[in-house]
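Listed below, chain by chain, are the residues.
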Number of protein chains: 2
Amino acid sequence: MRGLHADTGYLLYRLGLRSGQLFNTFLQESGLRLRHYAVLRYLAGSAGALQRELSTRLGYDPSAIVGLVDDLEKLGLTERRPSPDDRRSKIVVLTEEGRAFLRGTDEAGLRVTNDLLAPLDPAERETLQALLLRVADQP
Amino acid sequence: MRGLHADTGYLLYRLGLRSGQLFNTFLQESGLRLRHYAVLRYLAGSAGALQRELSTRLGYDPSAIVGLVDDLEKLGLTERRPSPDDRRSKIVVLTEEGRAFLRGTDEAGLRVTNDLLAPLDPAERETLQALLLRVADQP
DNA sequence: AACAACTATTGACGTCACCAATTATTGCTC
DNA sequence: GAGCAATAATTGGTGACGTCAATAGTTGTT
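Calculation rules
- Residues numbered from 1 in each chain as written.
- Chains lettered and ligands numbered in written order.
- Predicted model: local features only at pLDDT ≥ 70, side-chain atom pairs only at ≥ 80, totals over all residues.
- Heavy atoms only, no water.
- Helix = DSSP H or I, 4+ residues; strand = E, 2+ residues; numbered from the N terminus.
- Buried < 20%, exposed > 50% of the residue type's maximum accessible area, 1.4 Å probe, protein only.
- Contact = heavy atoms within 4.5 Å.
- Areas by Shrake-Rupley, 256 points an atom, 1.4 Å probe, with all protein chains shown as cover.
- Lys, Arg positive; Asp, Glu negative; His and termini not counted.
- Charge placed at Lys NZ, Arg CZ, Asp CG, Glu CD.
- Phe/Tyr/Trp six-rings, centres within 6.5 Å; stacked < 30°, edge-to-face > 60°.
- Lys NZ or Arg CZ within 6 Å of the ring centre and 35° of its normal.
- Pairing = 2+ DSSP bridges.
- Axes fitted to C-alpha atoms, helices over the stretch in contact; angles between N-to-C directions.
- Near = heavy atom within 4 Å.
- Polar contact = N/O pair within 3.5 Å; in protein donor to acceptor, adjacent residues only side chain to side chain.
- Nonpolar A, V, L, I, M, F, W, Y, C, P; charged D, E, K, R; others polar.

## Details of the overall build of chain A
Across its full length, chain A carries 6 helices and 3 strands. Going from N to C terminus, chain A has its helices and strands arranged as α-α-β-α-α-β-β-α-α. Projecting the C-alpha coordinates of chain A onto the three principal axes gives extents of approximately 60 × 30 × 25 Å. Per-residue burial over chain A gives 46% buried out of 139 residues. In chain A, the share of contacts with a sequence separation of at least 24, taken over all contacts with a separation of at least 6, comes to 42%. For chain A, the exposed surface amounts to about 7,300 Å²; the carbon and sulfur share of it is 51%. Counting 19 positive and 19 negative side-chain charges, chain A places the averaged centre of each group 4 Å from the other.

If you want it as structure tokens, here you go:
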């Protein structure tokens with residue numbers, strides 16, 4: 001009898017939950033949650049982003065972005081700068097402290113991934129990574 | 001600059017969210033959510049389960065199971081039967097209506113997985129499935 | 001000049017995860 | 001076999017979160 005566990009879509013859902021929990025328990029000592037961390041990492045790769053951009057790219061509601069950026073700003077990890085082109089928009093950028101924070105949690109994120117993928121050898125991890133990237137990169 | 005998207009753990013988290021959303025939008029016409037569906041599919045593979053067992057196997061809080069089983073019972077898809085061994089426990093079983101419901105949503109679940117894995121060919125899907133199963137099957 | 005579209009923000013509502021406490025029952029132990 | 005810790009289901013509370021509607025300020029279009 002094929003249970004739901006044999007369904008790849010459901011497996012992804014389940015493992016996504018587990019992965020998120022691992023990240024969150026890991027981040028909790030810093031007072032942040034996975035959502036904050038995702039924003040920081042996105043900013044690290046983009047050198048400034050409109051809140052609207054964060055919303056669409058990360059899949060969080062615009063109103064959620066407001067709170068997340070508020071939190072990060074309160075901790076001094078990001079700043080809101082006025083957009084030169086459009087006075088409605090604000091550009092969120094990492095501060096130096098934000099970069100330092102990311103450096104400090106770098107190997108920690110790797111450790112989480114390491115725990116999660118413990119049953120796989122390096123070659124298999126690379127295969128999985130490649131497949132997931134292909135799945136993730138569709139509109 | 002390696003963004004968070006290059007991190008397998010985060011990829012899993014992200015794809016898990018997407019998968020869950022697909023499942024939920026698909027199930028919403030039936031009035032159930034993914035959590036209910038997961039319970040039904042687990043029951044289909046076990047011919048009766050204690051609520052405690054559902055809690056540990058599916059990773060939901062015992063108090064959450066109460067509500068889920070209440071909902072399913074209200075729809076006539078499951079029943080609570082007294083355990084012959086232990087009067088504290090109740091055994092949750094699928095009704096005939098529950099089985100019929102699962103049959104009706106069978107190919108729908110496959111369609112969700114199909115949408116999700118659109119970029120992969122059949123061989124790659126099997127590889128992914130096998131890797132995810134290995135990752136999922138750790139304590 | 002008028003109006004539709006867009007950005008950030010606020011607020012409300014329902015769902016959900018997480019934790020503590022309760023009741024009924026069981027198993028252990030002395 | 002009496003007392004007591006452990007367990008199963010349940011209830012309730014709290015905080016986080018997704019979603020939706022509404023608003024103020026700004027831009028682009030016609």
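Past the structure itself, the notes keep going.
## Re the packing of aromatic side chains
Both the distance between ring centres and the angle between the ring planes are used here to describe each pair of aromatic rings. Residue and element names in this part refer to chain A. Counting across every chain of the model gives 4 aromatic pairs over all chains. Each ring, one from Phe23 and one from Tyr37, has its centre 6.2 Å from the other, and the planes form 35°; the classification is tilted. With Phe23 in helix H1 (residues 8-27) and Tyr37 in helix H2 (residues 34-44), this residue pair connects regions lying 14 residues apart in the sequence. Cation over ring: Arg35 sits above Tyr60, and NZ or CZ is 4.2 Å from the ring centre.

## Quick look at the sheet that holds strand E3 (residues 90-94) of chain B
Residues and elements named next belong to chain B. Here we have 3 strands laid out as an open sheet, ordered E1-E3-E2, and antiparallel in their pairing. Where the open sheet ends on each side, the last strands, each with one partner, are strand E1 (49-50) and strand E2 (78-82). Where helix H2 (residues 34-44) meets the sheet, it contacts E1, E2 and E3, and its direction lies at approximately 90° from that of E3.

## Side note on the protein's contact with DNA strand D
As a structural note, the neighbourhood of DNA strand D is formed by 16 residues, with Arg35 of chain A together with Gln51, Arg52, Arg80 and Arg88 of chain B the closest of them. Near-protein atoms of DNA strand D (within 4 Å) split between backbone and bases, with sugar and phosphate holding 72%. Taking Arg33 of chain A, its side chain carries an N or O atom lying 2.8 Å from a phosphate oxygen of DNA strand D. In the model, a phosphate oxygen of DNA strand D is placed 3.1 Å from a nitrogen or oxygen of the Lys90 of chain B side chain. Among the elements of the structure, helix H3 (51-58) and helix H4 (62-74) of chain B are those that each provide at least two residues to the surface near DNA strand D. Sort the elements by how many residues they give to the surface near DNA strand D and H4 of chain B lands first, with 3 residues. Residue classes in the surface near DNA strand D are distributed as 2 nonpolar, 4 polar and 10 charged.

Honestly, it's all geometry; don't read function into it.
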